[in-house]
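Commentary on secondary and tertiary structure
One-letter residues, chain by chain:
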Amino acid sequence: MPARQAFAQRLRARAPMIGTFVKLRDPAVIEMLGGAGFDFVVIDAEHAPFDRENIACAILAARAANVAALVRIPEADGHWISTALDCGAAGIMVPQVRHATMAELLVQRVRYRGGMRGFSPSTAAAGYGARGIAEHLEAQDKETVLICQIEDSSAVAAAADIAAMDGVDGLLVGPVDLAVSQGSTNPAAPEIVAMGVEVMNAARTAGVSGGMFVSDASAISRWSGCGGTLFVLGTDQSFLLQSAKAGLASARQALA
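A brief look at the structure comes next. What you see as residue numbers is a count from 1 along each chain, following the sequence as written. In view of the model being predicted, local features appear only for residues whose pLDDT reaches at least 70, and side-chain atom pairs are presented and counted only at 80 or more, with totals across whole chains, interfaces and linings using the full set of residues. With hydrogens and water excluded, all non-hydrogen atoms of the structure serve as input to the side-chain values.

1. Some words on the pairing of strand E4 (residues 91-94)
Quick note on the threshold: Relative accessibility under 20% of the residue-type maximum defines a buried residue, over 50% an exposed one, and the middle range a partly exposed one, all with a 1.4 Å probe and only protein chains included. Under the DSSP-based scheme used, a helix requires at least four consecutive residues in state H or I and a strand at least two consecutive residues in state E, with every element numbered from the N terminus. Only when DSSP finds a minimum of two bridges between them are two strands counted as paired. Orienting the strands away from the viewer, one traces the path from the first strand over the helix to the second; a clockwise path indicates a right-handed crossover.
The side-chain alternation of E4 yields two buried faces, one formed by Gly91 and Met93 and the other by Ile92 and Val94. In this sheet, E4 lies alongside strand E3 (residues 68-72) in parallel orientation, the contact comprising three bridges. Paired with Val71 across the bridge in E4 is Ile92. Traced from E3 through helix H4 (residues 78-86) to E4, the parallel crossover comes out right-handed.

In structure tokens form, the structure reads like this:
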């Protein structure tokens, strides 16, 4: 089974999964992360310089590594959504989803049937025409997910309505954005944690995946205990920097 289909099934079943953000454009990074055993990667077109060509190459690498690739789009418009999904992304992650009306529009932009997405059977997602119109039309809803990021207090208040929207498959809390939106620089502050718990409860009640970005793997047990099932652990940049610092410190200690 292709990775994107397996990912969609597991996400909708609320199976625990761990992924990471990809900010470096070299496709080899995704090949390595897939080989390391991550359940998925998130190509971060919001905060890293990914254009249409970069996204296509990154998703090609994900297919080679048999790892599901989501794309976090920089804007909630149809162009970015179609670009990512036509390239074969397993789904879309949308930042700053603040209310159910926005979630409803996003569902329409992701979907062919009952939606607003332009159709082509000749894309990478459709096997470059190998699927045919009917098969690709039938498959896309099953293998394409939509994850809404909850990143400020108004979004937290609307989380239950967003999660209940037909076509929304998960909520992902952005604790750093939540903190900044509250005038704080501490994503571990009690009030920010409380907001995260509220979002997890909303997702669980709606029967969709509740997700959390974590910079420290030790935090996963806390959020799993709150009903979280989808975890984005750090970034490729953070792994590189942490490993480089640790290696250099060991080397300097050896010299000393």
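2. Points about the layout of surface pockets
Put simply, the rule is: Cavity: a set of points on a 1 Å grid over the protein atoms alone where a 1.4 Å probe fits but cannot get out. Pocket: an open set with protein on both sides within 12 Å along at least five of seven lines, its lining residues, like those of a cavity, having an atom within 4 Å of a point. Grid points are joined across faces, edges and corners, and a volume is the space filled by probe spheres set on the points. Three categories are distinguished: nonpolar for Ala, Val, Leu, Ile, Met, Phe, Trp, Tyr, Cys and Pro, charged for Asp, Glu, Lys and Arg, and polar for the others, with Gly belonging to the last.
In this structure, the largest pocket occupies an estimated 280 Å³ of space. Elements with a contribution of two residues or more to the lining of the largest pocket: helix H9 (175-181), helix H10 (190-206), strand E7 (209-214) and helix H11 (220-225). Classifying every residue of the lining of the largest pocket gives 13 nonpolar, two polar and two charged. Here the second largest pocket is characterised by a volume of approximately 230 Å³. As for the second largest pocket, its lining consists of 17 residues, of which Pro2, Ala3, Arg4, Arg63 and Gly88 are closest to the centre. Of all the secondary structure elements, the ones that give two or more residues to the lining of the second largest pocket are helix H1 (3-12), helix H3 (52-65) and E3.

3. Structural notes on the packing of aromatic side chains
When we look at a pair of aromatic rings, we describe it by the centre distance and by the angle of the planes. Using the following cut-off: Ring geometry is summarised as follows: Phe, Tyr and Trp rings, the Trp one being its six-membered ring, pair when their centres sit within 6.5 Å, and such pairs are stacked at plane angles under 30 degrees, edge-to-face over 60 and tilted between the two. Lysine and arginine charges are scored as sitting over a ring when NZ or CZ, respectively, is within 6 Å of the ring centre and within 35 degrees of the ring normal.
For the structure shown, the criterion picks out four aromatic pairs. Note on Phe7 and Phe40: the rings are 5.4 Å apart at their centroids and 55° apart in plane angle, and the pair reads as tilted. With Phe7 in helix H1 and Phe40 in strand E2 (residues 40-44), this residue pair connects regions lying 33 residues apart in the sequence. Like Phe7, the residue Phe40 is buried in the burial classification. An angle of 35° between the planes, with centres 5.8 Å apart, marks the rings of Phe21 and Phe213 as tilted. Residue Phe21 is located in strand E1 (residues 17-22), and its partner Phe213 is located in strand E7; the two are separated by 192 residues in the primary sequence. Seen from the ring of Phe21, Lys23 lies directly overhead, with NZ or CZ sitting 5.6 Å from the centre.

4. What to know about the sheet that holds strand E5 (residues 145-150)
Where strands meet in a sheet, backbone hydrogen bonds hold them as pairs that are either parallel or antiparallel. Threshold: To obtain an axis, a line is fitted to C-alpha atoms, over the contacting stretch when the element is a helix, and the angle between two such axes runs from 0 to 180 degrees between their N-to-C directions. Working rule for contacts: check all heavy atoms of both residues, and any pair within 4.5 Å makes them a contact.
Judged by pairing direction, the barrel is parallel, and its eight strands sit side by side in the order E1-E2-E3-E4-E5-E6-E7-E8 before closing back on the first. The sheet shows a mean angle of 25° between the axes of neighbouring strands, taken without regard to direction. Packed onto the sheet, H3 meets E2 and E3 and runs at close to 155° relative to E3.

5. Quick word on the packing of helix H2 (residues 27-36) against H3
This is how the line gets drawn: Our angle categories are set so that under 35 degrees counts as roughly parallel, over 145 as roughly antiparallel, 65 to 115 as roughly perpendicular, and the remainder as oblique. Note on convention: near helix rotated counterclockwise from far helix by under a right angle means a left-handed crossing. Clockwise means right-handed.
Look at H2 against H3: their axes get within 8 Å of each other, and the N-to-C directions meet at 30°. The angle between H2 and H3 places the two elements in the roughly parallel class. Every pair of crossing elements has a handedness; the one defined by H2 and H3 is right-handed. Residues Pro27, Ile30, Glu31 and Gly34 of H2 touch H3, and the partners they reach there are Cys57, Ala58, Ala61, Ala62, Ala64 and Ala65. Of the residues contributing to the contact of H2 with H3, the split by class is eight nonpolar, one polar and one charged.

6. Focus: the side chain of Asp236
The following threshold applies: Here a polar contact is recorded for every N or O atom pair within 3.5 Å, except that within protein the pair must consist of a potential hydrogen donor and a potential acceptor, and residues adjacent in sequence are included only if both atoms are side-chain atoms.
Considering the arrangement of structural elements, one finds Asp236 in helix H12 (residues 236-255). Of note is the side chain of Asp236, whose polar atom sits 2.9 Å from the backbone nitrogen of Leu24. Beyond its immediate sequence surroundings of up to four residues, Asp236 is in contact with Thr20, Phe21, Val22, Lys23, Leu24, Val29 and Leu33.

7. A short note on the pairing of E5
Burial runs high along E5: six of the six residues are buried. Alternating positions in E5 separate into two faces, Val145, Ile147 and Gln149 on one and Leu146, Cys148 and Ile150 on the other, with burial throughout. Sheet analysis places E4 next to E5, joined by four bridges and oriented parallel. Among the inter-strand pairings, Val94 is bridged to a residue of E5, identified as Cys148. Sheet topology places E5 next to strand E6 (residues 170-173); four bridges connect them, and they run parallel. Across the sheet, Gln149 pairs through a bridge with Leu172, a residue of E6.

8. Quick notes on H2
As a reminder, the rule being used: The directions from the helix axis to the C-beta atoms are what the arc is built from.
Within H2, the full set of buried residues consists of Val29, Ile30, Leu33 and Gly34. Taken end-on, H2 shows its buried residues confined to a sector of 130°, consistent with a single buried face. For H2, the exposed residues set more than 90 degrees away from the buried face come down to Met32, Gly35 and Ala36. Turning to H2, the residues buried within the fold contact E1, E2, H3 and H12. By the N-cap criterion, in which a side-chain oxygen at the helix start approaches the backbone nitrogen of a residue two or three places on, H2 is capped by Asp26, the distance to Ala28 being 2.9 Å. In the stretch just after H2, Gly37 is the one whose phi turns positive, near 110°.

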